[in-house]
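Structural overview
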Amino acid sequence: MSVIPREEWDKYPDIEITLNVNGKDYKVKVKPYERLLDVLRYKLGFTGVKEGCGRGECGACVVLMDGKLVPSCLVLAVRANGSKVLTVEGLAPEGKLHAIQKALLDTYAVQCGFCFPGVILAIKALLDRNPNPTDEEIKDALSGQLCRCGSYLRFIKAVKLAAQYIREGKEYFDESGARG
Amino acid sequence: MVICIPRFNVYIPKDVSDALNALSQRKDLIPMGGGSDLLVLIRSGIVKADTVLDLWPLRKELAYIKRENGTVRIGALTTVSELCESDLIKDVRYAGLADVCKKFSTPFIRNIATVGGNVGAAHPLSDIALMLLVLNGKVKLLSKNGEREVNIAKFFKGKRRTVRNHDEIIAEVSFTETPPNSSTAFIKFDRRWGHAMGYVLVGAYMQLRDNIIKDVRIAFDSTGNPYPERVWTTEEFLKGKEFSDELIKQALNNVLPKEMKRITDYRASAEYRLDLSKVLLRRALLKIKSRIEGGG
Ligand SMILES: Cc1cc2nc3c(=O)[nH]c(=O)nc-3n(C[C@H](O)[C@H](O)[C@H](O)COP(=O)(O)OP(=O)(O)OC[C@H]3O[C@@H](n4cnc5c(N)ncnc54)[C@H](O)[C@@H]3O)c2cc1C
Ligand code: FES
Ligand code: FES
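Residues numbered from 1 in each chain as written. Chains lettered and ligands numbered in written order. Predicted model: local features only at pLDDT ≥ 70, side-chain atom pairs only at ≥ 80, totals over all residues. Heavy atoms only, no water.

What about the domain arrangement of chain A?
All names here are of chain A. By the assigned domains, chain A splits into domain 1 (6-87) and domain 2 (96-178). Here domain 1 and domain 2 have C-alpha centroids that lie 24 Å from each other. Between domain 1 and domain 2, the residue contacts involve 14 residues of the former and 10 residues of the latter. Our enumeration of links across domain 1 and domain 2 arrives at zero salt bridges. At the junction of domain 1 with domain 2, the criterion picks out three residue pairs in polar contact (both at pLDDT 80 or more). (Domains from an automatic or database assignment. Contact = heavy atoms within 4.5 Å. Salt bridge = Lys/Arg side-chain N within 4 Å of Asp/Glu carboxyl O. Polar contact = N/O pair within 3.5 Å; in protein donor to acceptor, adjacent residues only side chain to side chain.)

As structure tokens, this is what we get:
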């Protein structure tokens, strides 16, 4: 983080905000210019929130804020005050995999995995609204998720598989039973 | 690790009147809608911000799409997602707005980007602003001292510069409902589908009766100035004439190039952009005709 000259310490006073992250309430002191990304990743330790570009172009930092997919690099922390945030860490109970994660493993979509937290949450945002999406709808929903390793075609397969799991009532899987 | 993060304060107003009061008293406030444009500019050092005025709390008052008494009114803090999920864009007359939605950035940007911010950004690649030009839209500006409406064709002054005074906020954009035998189209051309900026953007509105062009409005991302503008001479040339391949050919070859100056940059040459402008305008007009006649 940047080094703030002593004379500027009072210029940007801390603001206390409350956040519910993955079902748990937090009170955090934030600077007015800090982003939701900075707070989640560096202050609360949710390192599943990745910073790729820092300017809305890559989708690595997306989280669900009050149910909506947002780039946490372009949301000021003070704006998130009082909201409910879901990061990839909160997707499934401890020791379990969410159907989306299982489907991504089953389709061998994972390469380096850097884009995955964002991809997973973008898929969640899609399936929450549309339990049976078409290829076109999947492509639009994932259009902002850049994957340097190029797993794009497998994402489409994985979304369909995840949708199927969820329709069959299989939302969570044991982590130990997962392939990958 | 030292990262250079621009520092600024944020003023969070309670409501519209609090925001307007603050703007009238303080010279250091920069209004922010979704921040999808402004925060990027601040972070890259293009805009220096002392204090950002966060307009998000004004969504209580300024996020809506209303159709009353023959006018469509869109609150400035309506998000692009809200616009794109609305019934308005299902109306075939506003199919051009549906075209915008198909190509507007990505779902997560659409969730934060606002309609007012698109107009406020005053950028050649402001898709919604471009469509408002062809819908003959108005921008409502609100200040502590009252309100005024500016035709969007007179709203831009330069790249990222508008006629908005420091103490004003953009409160609403509006346009008169267009007649039944009319429609719109928007084309953004790029090498890629998703997440595209576009080498050339064109928006058009046309009203046809018995194949006669009763009315037409056309706007491009740029015709010489660094903001979207209408091509008035081309519009005048087409108006009142019978829609035909020959007429469009004449407009594209003899009229449009005279009122359009294109630039060369790292993305495309001026020559290519002009050629593309002609091709895309022809496609847009044909698309509108087919939409009026019941096609897609
Ligand atoms: C990755 C990415 C992709 C993008 N793709 C597209 C695209 O496909 N098409 C497109 O058109 N744009 C695109 N944009 C640009 C931007 O998202 C849009 O212009 C958006 O509509 C801006 O809205 P905003 O609310 O985020 O504006 P902000 O960033 O909040 O503001 C933009 C400007 O308008 C001013 N402003 C905002 N609201 C008001 C108000 N109510 N009153 C007074 N002034 C105001 C601000 O001071 C600022 O100068 C993209 C941006 C990013 C980061
Ligand atoms: S880090 Fe937020 S979109 Fe790239
Ligand atoms: S798997 Fe490597 S970036 Fe997507």
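Still more ground to cover, so stick around.
Remarks on the site of ligand 1
In the vicinity of ligand 1 lie 33 residues, with B:Pro31, B:Gly34, B:Ser36, B:Leu38 and B:Thr114 positioned nearest. Residues within reach of ligand 1 are spread across chains A and B. One of the backbone nitrogen or oxygen atoms of B:Pro31 is found 2.6 Å away from an oxygen atom of ligand 1. In the model, an oxygen atom of ligand 1 is placed 2.8 Å from a nitrogen or oxygen of the B:Gly35 main chain. Of all elements in the fold, only strand S2 (29-32), helix H7 (115-120) and strand S10 (169-176) of chain B reach the threshold of two or more residues within the shell around ligand 1. (Near = heavy atom within 4 Å. Helix = DSSP H or I, 4+ residues; strand = E, 2+ residues; numbered from the N terminus.)

Section: the domain arrangement of chain B
The extent of an interface is frequently quoted as the accessible surface area lost upon association of the parts. Residues and elements named next belong to chain B. Taken as a whole, chain B is organised into domain 1 (60-176) and domain 2 (182-292). Using only C-alpha atoms to locate each centre, domain 1 and domain 2 end up separated by 21 Å. By the criterion of area lost to domain 2, the three top residues of domain 1 are Lys103, Leu130 and Val134, representing 27% of everything that side buries. Run the count over domain 1 and domain 2 and you get two salt bridges. As a salt-bridge pair, Lys188 and Asp127 come within 2.9 Å of each other at their nearest N and O atoms. (Buried area = accessible area lost by both parts, 1.4 Å probe.)

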